[in-house]
Structure formats: C-alpha cells, structure tokens
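So you can see what is in the structure, the chains are spelled out below.
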Amino acid sequence: MAGSKKGTHSSLENKGPGHPEDALGVVPVTPMERQFALESALKTDPGVSRFGSRAFYMYLITLVACCCSGDSGFDGTVMGGINSMIQYQRFFHMTGVGSKTSIVFGIYTIGSICGAIPASYLPDRFGRRCSMFFGNLVVCVGAVITANAKYQSMFLGGRFLTGLGSFCAGASAKSFLAELSPPQSRGAYLGFLNSFFYVGQIAATGMMVSTGNWSNDMSWRLPLYIQLVPAALNVLFVFLCPESPRWLYSIGKSDQARAILAWLHSSNGDIDSPLVHLEMSEIEEKIQVDGADKIWWDFRPLFMTRADRQRAYMVILIGAFGQLSGNGLITYFLPVLLQDAGIVDQNRRLTLNFVNSVTSYIGALAGSAVIDRFGRRRILLTSTIIITCILAITTGLLSFNGTGNVARGNAGITFIFLFMVVFSFGWTPMQALYPAEVLSYEARAKGLAFLGIVAQAVTCINTFGLPVALERIGWKGACL
C-alpha cells in the first residue's frame, strides 16, 4: 500500500513541463488555484466528448446512481398520495391526519436516522458500490413487506426498512457520483442526481391517478410494489459500474484509480493527461491512507480544525433549511392541502399531485443546467428569498379554509405549484452538490451521513408534527 502511494508520487514528481501544477509551482490549494489549474489542464485535455461512447457510459453510471435518489422520491410522494386514498384509510382505519398518520410517516424518518450507522461505515470500509447495493437490497425487502402488509405493525416495519435502506443508498450515491464525475461538470451531474428524486415522484403520482379509481386494496398496494423498481435496478447494475477512484486510492489501488479517471475524464484516455495528473495530485493531498475515515464511528474529521467546523456548519444549514423551507408540507401532504383549498374529488387531488411532480422536476432540471454557470450561493440566496414571498402569499390565499371563494383557492394552488418549481430550481440540485463539494475526502462519507442525520432529524417535524397540526389548526399549519 505504501509502495503504491510512493510510486504515484514519483510519477508526479517526474512529469514533464506543461502539467497544471507547473503553472503554480505547487499543488493547487486554494479554490482560485484549483480553478486556475483546472482551466489550464482543460486547455491541454478538454475531456471526454459529450456524445462519445465513454460519455454515454458515464451517463449510464449516473442513471444507476440516480436510482438511489429515485427511492427517496418515490416513498415520500407515494405515501402522500396513498394517505389521501379512501381505500387505504378504510383498511387501516386512518383519517389522513392526526397522531396515527404521524407514526406512519415518522417511522420512515426513524429508519433513515438508523441508516446513518451503515452509511458511515460501509462506504469507507467496503466501497461506495457495496453501500448502495446493501441499502437498495434493504429497500426491496421493506417494499415487499409494506405492499403485503395485513396489519399496521407490519406496514410500519416495512416503512422502517425502506427508510434505513434509502438513507444508506442515497448518502453513498452522492459521494460515489461526486468522486466519479468530471470536475468541470460535477455540478450538473450531482444536480441531476438529486433531481431524480422527482422521477420517483412522477412515477408514484402518475400511477395513483389510475389506481385511485380502483375499489380494492390494490389501489394503494400496487404503487408500493413499484417502489421495488429503482432499488432493484441499482442492485442489478451497481457492480457493473467502476468504483470511486478516491476510495480505490485510499486502499492502495492508485494505478486502478488513475486508469478509471483516464477512461472517464481524459479526451484520449491517457493516464498521463494533465487533467488526470491534477485530479490524482488532489487525491494524494487530501487522503490519509490510515486516517480517521477508516474508523466508522470516528466523526472527528468533521470538527478537527476551524475550516472543518465551518464545513460542518454549512452541512447543517443545507440539511436543515432543505427540509424546513415549506417543501416538506407540500411533498407529504399536498392532497390534504388541496382538500383544504376546496378540492374534494379524490381523483382531481391525485391528478394535481402528479402535475406538481412534473413541474417540480422541470424546475430541478433547469437548476441543474445553470448551476455551473451562475454559482452556488447566488442561486441559493435568490431562490430562498423568492420562495419565502411565495409561501407567505400561499398561506394568505388558503386561509379561507376551503369555504367561499373558489378563485382564491385556485390561486392558492397555483402558488403552491410555483413554490415547488422555484424550490426545485434552487434547492434540489444544491442539497447533493454543496455538501459533497465543501467536505474534504477524508470526511466526505461521514459528512454526507451527518447531512442525512440532520435532514432526517429535522424531517421529524414534518412527519410527526404536521399531521397533528393539520388536524388541529388546518391551513395555519403552513405558517409553521
């Protein structure tokens, strides 16, 4: 292992002129130096053509990773739709709001928090692919149990497993794609990963428009069965994808890591490309082969230095505000909000839930497309200001509590849709990209697991608190 690392250092020391490090005399350290070194490397090696065979191979790898994001999107929205179905409510003696609904939604969150343990251990011990495989395998088991549930306890057990597996797979997918995607377009790749959440939503809500008209139990069981699809696709194909080069280097396989970077990032697949040299030098600088990232319970890399603590603080902000910006209320309880707005027909509520998924996905794709052009903070701040104004307007429009002015209710629904478009544009791509970029490699896997813990802990407010709030105070719950 030590010999492999030393050999790689020698290859970098003996490289000829023209490599990006030579322009600075040292390995780039500051963000400005890294950007300058990357631009210099790209002038010599512009990277893989967007329409070449190797680029399409990278696209397929991305789709496999995106199945992990589809898991989460499918579950959140499928439960929101099923929760409003009369067939489901009659089977489990539910009302759609209240403490029983809090438990059904919240148990998924509890499972996700428990999933932080394998999510912080498996990626650094066995690799990113193994962690995704394990997580999605658990999702498959949980989905089968939930879809076949005869009692509420069985239903809750299945939801706990889907939460655990989805968290583990999702955290690993973010670090996997961040470490495998080309540096010049990493923002687009990670934005697409998190935007794939809405593909799961679209599949779930679109199906329930049809199954909601069925009178038997399959009206709500079939969507739960379909939750198997993205998880099963990842389980089947994840080991056909290459492993993370950074993880390979951390276990002493530097030559294999270099070959993967050359194949996926270099225009001609040259292992001596200046672009590959730059990425390898950054990996060498940041990785400690015997560092704390090898101890699964050791979260010290997140807080060791002032810079580490600042990164952890940014991770906490992204995790918290990404769930408490009003999006949780709409994601989980849009059909209930629509009922409060005066829409009593179940089929129409499910149809509007589907339309919301489509428009939100369009917003997320648009945000992913421009994220590398306009920068991260500018998009985050602008979208946050806009959604704050929209949420205030929406709350006012829905304050009539479903009685009286139909035009006012329709306007409220329009602003709900607009809110999700803007939120998806600014926040959805950023929740995967920003933490993965600011965290150092040594802390990345644990940092993304920590991000998930923060997000899921905050989600407890949405899943445990909102059903009770909607039962007791109705539309005023949106003010929270």
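Novice: Is there a simple way to think about the overall build of the protein chain in this case?
Specialist: For the protein chain, the helix and strand inventory stands at 22 helices and zero strands. For the protein chain, the residues scored as buried account for 57% of the 480 residues in total. Here the protein chain displays about 19400 Å² of accessible surface, and carbon together with sulfur accounts for 65% of that area.

Novice: Mind showing me how you'd approach the pattern of salt bridges here?
Specialist: Two side chains with opposite charge may pair up if their charged atoms get near one another. All chains considered together, the criterion is met by four salt bridges. A salt bridge links Glu 179 to Arg 128; its shortest N-O distance comes to 3.0 Å. Taken together, the residues Glu 179 in helix α8 (residues 152-180) and Arg 128 in helix α7 (residues 128-147) connect sequence positions 51 residues apart. One exposure class covers both Glu 179 and Arg 128, and it is buried. Note that Glu 243 is salt-bridged to Arg 129, the shortest N-O span being 3.5 Å. Within this pair, whereas Glu 243 is found in the loop between α12 (228-237) and α13 (245-250), its partner Arg 129 is found in helix α7, the two being separated by 114 residues in sequence.

Novice: What's the story with the packing of aromatic side chains in this structure? I'm lost.
Specialist: Given two aromatic rings, their pairing is described by the distance between the two centres and the angle made by the two planes. Taken as a whole, this structure holds 14 aromatic pairs when the rule is applied. With a centroid separation of 5.8 Å and 75° between ring planes, the pair formed by Tyr 88 and Trp 220 is classed as edge-to-face. Here Tyr 88 is found in helix α4 (residues 86-92), whereas its partner Trp 220 is found in helix α11 (residues 218-226), with 132 residues between them in sequence. Trp 220 carries the same exposure label as Tyr 88, and that label is buried. Relative to Trp 220, the ring of Phe 91 lies with its centre 5.4 Å away and its plane at 55°, an arrangement referred to as tilted. Placement of the pair is Phe 91 in helix α4 and Trp 220 in helix α11, with a sequence separation of 129 residues. Phe 91 sits in the partly exposed class, given a relative accessible area of 27%.

Novice: Which parts of the structure should I look at to understand the side chain of Ser 166?
Specialist: Position of Ser 166 among the secondary structure elements: in helix α8. Assessed through its relative accessible area of 6%, Ser 166 is described here as buried. A distance of 3.2 Å separates a polar atom in the side chain of Ser 166 from a polar atom in the side chain of Tyr 108.

Novice: I tried to follow the state of the cysteines on my own but got confused; where do I start?
Specialist: What makes a disulfide is a covalent bond joining the sulfur atoms belonging to two cysteines. Counting across every chain of the model gives zero disulfides. The cysteine Cys 67 is free of any disulfide, with Cys 68 supplying the nearest cysteine sulfur at 7.0 Å. Residue Cys 67 is classed as buried on the basis of its relative accessible area, which comes to 8%.

Novice: I keep staring at helix α5 (residues 99-114) and nothing clicks. Help me out?
Specialist: At 3.6 residues per turn, the α-helix brings residues three or four places apart onto the same side. End to end, α5 covers 22 Å across 16 residues, agreeing with the expected 22 Å (1.5 Å per residue, within 8%). The principal kink in α5, of about 30°, is found at Gly 106.

Novice: Help me understand the environment of Ser 244, please; the structure alone is not making it clear to me.
Specialist: Among the structural elements, Ser 244 can be located in the loop between α12 and α13. Placed 116 residues apart in sequence, Ser 244 and Arg 128 show a C-alpha to C-alpha distance of 6.8 Å. Not counting the four nearest positions on each side in its chain, Ser 244 is found in contact with Arg 128, Phe 176, Glu 179 and Leu 180.

Novice: How should the packing of α5 against helix α6 (residues 116-126) be read in this particular structure?
Specialist: The relative placement of two packed helices is expressed as an angle between their axes plus a distance between the axes. Packing of α5 against α6 brings their axes to within 4 Å, and their N-to-C directions diverge by 30°. In this view, α5 runs roughly parallel relative to α6, as classed from their interaxial angle. The segment α5 lies against α6, with Ser 112, Ile 113 and Cys 114 engaging Ala 116, Ile 117 and Pro 118. Split by residue class, the contact of α5 with α6 holds five nonpolar, one polar and no charged.

Novice: Explain helix α16 (residues 306-321) to me, please; I cannot follow it from the model alone.
Specialist: Helix length check: α16 (16 residues) gives 23 Å between terminal C-alpha atoms against 22 Å at 1.5 Å per residue, within 8%. Listing the buried residues of α16 in full gives Asp 308, Ala 312, Val 315, Ile 318, Gly 319 and Ala 320.

Novice: Would you take a moment to explain the confidence of the model for the protein chain for this structure?
Specialist: Close inspection of predicted coordinates is inappropriate in any region flagged by low pLDDT. Averaged over all residues, the pLDDT of the protein chain equals 79, while 81% of them reach at least 70. Between residues 1-18, whose pLDDT stays under 50, and residues either more than four places distant or in other chains, the model counts 29 contacts. Between residues 20-25, whose pLDDT stays under 50, and residues either more than four places distant or in other chains, the model counts 18 contacts.

Novice: Help me understand the environment of Met 154 in this model?
Specialist: With respect to the helices, strands and loops of the structure, Met 154 is situated in helix α8. Looking at Met 154, the relative accessible area reads 31%, which means it is partly exposed. In this view, Met 154 contacts Ile 145, Asn 148 and Ala 149; residues no more than four positions away in its chain are not counted.

Novice: What is the right way to read a nonpolar patch on the surface from this model?
Specialist: A surface patch of nonpolar side chains, amounting to about 490 Å² of accessible area, comprises Val 229, Leu 233, Leu 236, Phe 237 and Leu 240. Along the chain, Leu 240 turns up in the loop between α12 and α13.

Novice: I keep staring at the packing of helix α10 (residues 197-211) against α11 and nothing clicks. Help me out?
Specialist: Axis separation between α10 and α11 bottoms out at 9 Å; the angle between their running directions is 155°. In terms of axis orientation, α10 runs roughly antiparallel to α11. Viewed along their axes, α10 and α11 form a crossing whose handedness is right-handed. From α10, Met 207, Met 208 and Thr 211 reach across to α11, where they touch Ser 219, Leu 222, Pro 223 and Ile 226. Across the contact of α10 with α11, the residue classes break down as five nonpolar, two polar and no charged.

Novice: What am I meant to see in unusual backbone geometry here?
Specialist: The phi torsion at His 93 lies on the positive side, around 55°, for a residue other than glycine. Positionally, His 93 belongs in the loop between α4 and α5. Judged by its relative accessible area of 64%, His 93 is exposed.

Novice: When you look at the environment of Cys 168 in this model, what are you seeing that I'm missing?
Specialist: Tracing the chain through its elements places Cys 168 in helix α8. Filtering out sequence-adjacent residues up to four positions away, Cys 168 remains in contact with Gly 115, Pro 118, Ala 119, Leu 122, Ser 131, Phe 134 and Gly 135.

Scoring rules and cut-offs
- Counting restarts for each chain: residues are numbered from 1 in the order of the written sequence.
- Given that the model is predicted, a residue must reach a pLDDT of at least 70 before its local features are reported, and side-chain atom pairs must reach 80 or more before they are shown or counted; all residues, however, enter totals for whole chains, interfaces and linings.
- Remark: hydrogens and water are excluded; side-chain values derive from all non-hydrogen atoms of the structure.
- Runs of H or I in DSSP of at least four residues are treated as helices and runs of E of at least two as strands, each being numbered from the N terminus.
- Exposed residues in this analysis have more than 50% of their type's maximum accessible area, buried residues have under 20%, and partly exposed residues fall in between, with area computed by a 1.4 Å probe over protein chains only.
- Every accessible area reported is derived by Shrake-Rupley at a probe size of 1.4 Å, with residue values counting cover from the shown protein chains alone.
- Definition used for salt bridges: Asp or Glu carboxyl oxygen within 4 Å of a side-chain nitrogen of Lys or Arg.
- The pairing test for Phe, Tyr and Trp rings, Trp by its six-membered ring, is centres within 6.5 Å, and the orientation test on the planes gives stacked under 30 degrees, edge-to-face over 60, and tilted for anything in between.
- Any pair of N or O atoms that falls within 3.5 Å is considered a polar contact. Within protein, one atom must be able to donate a hydrogen and the other to accept it, and sequence-neighbouring residues count only if both atoms are side-chain atoms.
- Two cysteine sulfur atoms form a disulfide, by the criterion used here, when they sit within 2.5 Å.
- Here, expected helix span is obtained from the residue count minus one, scaled by 1.5 Å.
- The term bend refers to the angle at a residue between two fitted axes, each drawn through seven residues, those ending there and those starting there.
- By the convention used here, residues are in contact when the closest approach between their heavy atoms is within 4.5 Å.
- For helices, the fitted axis covers only the stretch in contact; all axes are lines through C-alpha atoms, and the angles between them, taken along N-to-C directions, range from 0 to 180 degrees.
- Any angle that is under 35 degrees is reported as roughly parallel, and any over 145 degrees as roughly antiparallel; angles of 65 to 115 degrees are reported as roughly perpendicular and all others as oblique.
- Ten residues, namely Ala, Val, Leu, Ile, Met, Phe, Trp, Tyr, Cys and Pro, are considered nonpolar, four, namely Asp, Glu, Lys and Arg, are considered charged, and the remaining ones, Gly among them, are considered polar.
- Every residue is assigned a pLDDT by the predictor, reflecting its confidence on a scale from 0 to 100.
- Any residue with relative accessible area above 30% and no salt bridge may belong to a patch, with like charges joined within 9 Å and the nonpolar Val, Leu, Ile, Met, Phe, Trp and Tyr side chains within 5 Å.
- Crossings are sorted by hand: turned counterclockwise from the far helix by less than a right angle, the near helix makes the crossing left-handed, and turned clockwise it makes it right-handed.

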